[in-house]
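Architecture at a glance
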Amino acid sequence: MTRVLVVEDDPQLVRALVINMRARQYGVDAAPDGTTALRLAAARRPDVVLLDLGLPDMDGVDVIRALRGWTRVPILVLSARRSSDEKAAALDAGADDYLTKPFGMGELLARLRAAVRRTEEVPLAPGTTVVTTDGFVVDLSAKRATRGGRDVPLTPTEWHLLEILVTNPGRLISRKHLLQEVWGAGRHSGTDHLRVHMARLRRKLEPDPAHPRHLITEPGTGYRFER
Ligand code: CA
C-alpha cells in the first residue's frame, strides 16, 4: 500500500483528499500544521508527501528543507500561491512537483502516481550513460545526441541543458536552477534566453517540436524531461 502524508490546514480539502485517496487504496495520514507533519513523516515513513505551503505554524518551504535533511521522499506541493518565485523556492528547497490550487482530483492523482513511480526510476542508475526515448538517444559519456542513428549537433549550452534534464527523468527542474547551472550563479533574469535554447533543443530532438513529448514546459516554473 502506498502511504501518503497530507499536510494541509484546510479541513474540507483534507477531507476530500482523504476520501479520494482511501477509495484508491492509498494509506493516508493527515497533518494540519508543519510540526505535526515533521513528526508524522518520521514516525510513519510515507511514500509521498502532499504539502500545502501556507501552514499556520511554519512556512511550507521550511517543512521541505527540514524533510530534505533526512529523506528523499517525493514532495508534491499544493499551493494557492501563484508567483513563480515561490514555486521556484519550493522546488529549489527540494520539492519534486507543484500543483496550483484549485486543482482537479484527477490531475492530483495522476501527479501522485507519477511521483511514486519516479521513486522507482530516479535518479538515473549509477553508471547509466545512455538515455533512450522513442524520438532520440542521448549518450552521456560520449556527449552525443542522435536521432534515427544520426548525430544531432548541439551547442555546449544546449548540451548542458539537455544533460541536466535527462539525468533527472520526470523531475520538474526550475528555471532558476537551469539558469544557475548553465549560465552561472547570480543570474536571475534570462528566462527568455532559456526559452530560446529550449525551443532550439526541441526543434533538433523532438519528433514534433510543436507538441513536445520529452522536453516539457511547466508554465511559470521550469522544464521536465519525460522518457
Ligand atoms: Ca493553507
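The following paragraphs examine the structure supplied in this document.

How each quantity is defined
- Residues numbered from 1 in each chain as written.
- Predicted model: local features only at pLDDT ≥ 70, side-chain atom pairs only at ≥ 80, totals over all residues.
- Heavy atoms only, no water.
- Helix = DSSP H or I, 4+ residues; strand = E, 2+ residues; numbered from the N terminus.
- Rg over C-alpha atoms; globule rule 2.2 N^0.38 Å.
- Contact = heavy atoms within 4.5 Å.
- Areas by Shrake-Rupley, 256 points an atom, 1.4 Å probe, with all protein chains shown as cover.
- Lys, Arg positive; Asp, Glu negative; His and termini not counted.
- Charge placed at Lys NZ, Arg CZ, Asp CG, Glu CD.
- Buried < 20%, exposed > 50% of the residue type's maximum accessible area, 1.4 Å probe, protein only.
- Arc of directions from axis to C-beta.
- Phe/Tyr/Trp six-rings, centres within 6.5 Å; stacked < 30°, edge-to-face > 60°.
- Polar contact = N/O pair within 3.5 Å; in protein donor to acceptor, adjacent residues only side chain to side chain.
- Salt bridge = Lys/Arg side-chain N within 4 Å of Asp/Glu carboxyl O.
- Donors = N, O, S within 2.8 Å, 3.2 Å for Na, K, Ca; no water.
- Pairing = 2+ DSSP bridges.
- Axes fitted to C-alpha atoms, helices over the stretch in contact; angles between N-to-C directions.
- Parallel < 35°, antiparallel > 145°, perpendicular 65-115°, else oblique.
- Nonpolar A, V, L, I, M, F, W, Y, C, P; charged D, E, K, R; others polar.

What follows is about the overall build of the chain. When helices and strands are counted, the chain shows eight helices and twelve strands. Here the C-alpha atoms of the chain give a radius of gyration of 19 Å, agreeing with the 17 Å that 2.2 N^0.38 yields for 227 residues. Projected onto its principal axes, the C-alpha positions of the chain cover 55 × 35 × 30 Å. Excluding contacts between residues fewer than 6 apart, the proportion of contacts in the chain whose partners are at least 24 apart in sequence is 58%. Of the roughly 11,000 Å² of accessible surface on the chain, 50% is carried by carbon and sulfur atoms. Computed over 34 positive and 29 negative side-chain charges, the separation of the two mean positions in the chain equals 3 Å.

Moving on, we get to helix α7 (residues 175-183). Three or more residues of α7 are buried, namely Leu 178, Leu 179 and Val 182. Buried residues of α7, seen end-on, are gathered within an arc of 100 degrees and therefore sit on one face of the element. Contacts made by the buried residues of α7 are with α6 (156-166), β10 (172-174), α8 (191-205) and β12 (222-225). In the stretch just after α7, Gly 184 is the one whose phi turns positive, near 105 degrees.

Now for the packing of aromatic side chains. Evaluated as defined, the whole model comprises one aromatic pair. Aromatic pair Phe 136 and Phe 225: ring centres 6.5 Å apart, planes at 50 degrees, arrangement tilted. Linking Phe 136 in the loop between β6 (130-132) and β7 (137-139) with Phe 225 in strand β12, this pair joins segments that are 89 residues apart in sequence. Assigned by exposure class, Phe 136 and Phe 225 land together as buried.

The next point concerns helix α3 (residues 60-68). Buried within α3 are the following residues: Gly 60, Val 61, Val 63, Ile 64 and Leu 67. Angularly, the buried residues of α3 cover 155 degrees about the axis, an arc narrow enough to put them on a single face. In this fold, the buried residues of α3 make contact with α2 (34-44), β3 (48-52), β4 (75-79) and α4 (84-93). Its side-chain oxygen 2.7 Å from the backbone nitrogen of Val 61, Asp 59 forms the N-cap of α3.

Enumeration over the complete set of coordinates arrives at 17 salt bridges. Asp 96 is the partner of Arg 68 in a salt bridge, and the nearest nitrogen-oxygen pair spans 2.9 Å. Taken together, the residues Arg 68 in helix α3 and Asp 96 in the loop between α4 and β5 (97-100) connect sequence positions 28 residues apart. Owing to a relative accessible area of 25%, Arg 68 belongs among the partly exposed residues under this scheme. Ionic pairing is found between Lys 176 and Asp 92, a salt bridge with its closest N-O pair at 3.5 Å. In this pair, Lys 176 sits in helix α7 while Asp 92 sits in helix α4, placing the two residues 84 residues apart along the sequence.

On to the coordination of the calcium ion. The calcium ion binds to the protein through Asp 9 (OD), Asp 52 (OD) and Gly 54 (O); the donor distances cover 2.2 to 2.4 Å. Donor residues for the calcium ion, ordered by position in the chain, follow D-x42-D-x1-G. What makes Asp 52 buried here is its relative accessible area of 4%.

What follows is about the sheet that holds strand β11 (residues 215-218). Within the open sheet, the three strands sit side by side as β10-β12-β11. Their pairing is antiparallel. Lying at the two open borders of the sheet, with one neighbouring strand each, are β10 and β11. Going across the sheet, the axis of each strand differs from the next one's by a mean of 30 degrees, ignoring polarity.

Let us look at the packing of α6 against α8. At a minimum axis separation of 10 Å, α6 and α8 run at an interaxial angle of 80 degrees. As the angle between them shows, α6 and α8 are arranged roughly perpendicular. Side by side, α6 and α8 meet where Thr 157, Glu 158, Leu 161, Leu 162 and Leu 165 of the first sit next to Leu 194, His 197, Met 198, Arg 200, Leu 201, Lys 204 and Leu 205 of the second. Residues that form the contact of α6 with α8 fall into these classes: seven nonpolar, two polar and three charged.

Another point: unusual backbone geometry. Glycine aside, residues mostly have negative phi angles, and peptide bonds mostly take the trans form. With an omega dihedral of -5 degrees, the bond running from Lys 101 to Pro 102 counts as a cis peptide bond. With respect to the element layout, Pro 102 can be found in the loop between β5 and α5 (105-121). The phi torsion at Arg 45 lies on the positive side, around 45 degrees, for a residue other than glycine. When you line up the elements, Arg 45 lands in the loop between α2 and β3. In this structure, Lys 143 is a non-glycine residue whose phi angle is positive, near 50 degrees. Mapped onto the elements of the fold, Lys 143 is located in the loop between β7 and β8 (144-147).

From the geometry alone we can't say anything about function, so treat these as descriptive.
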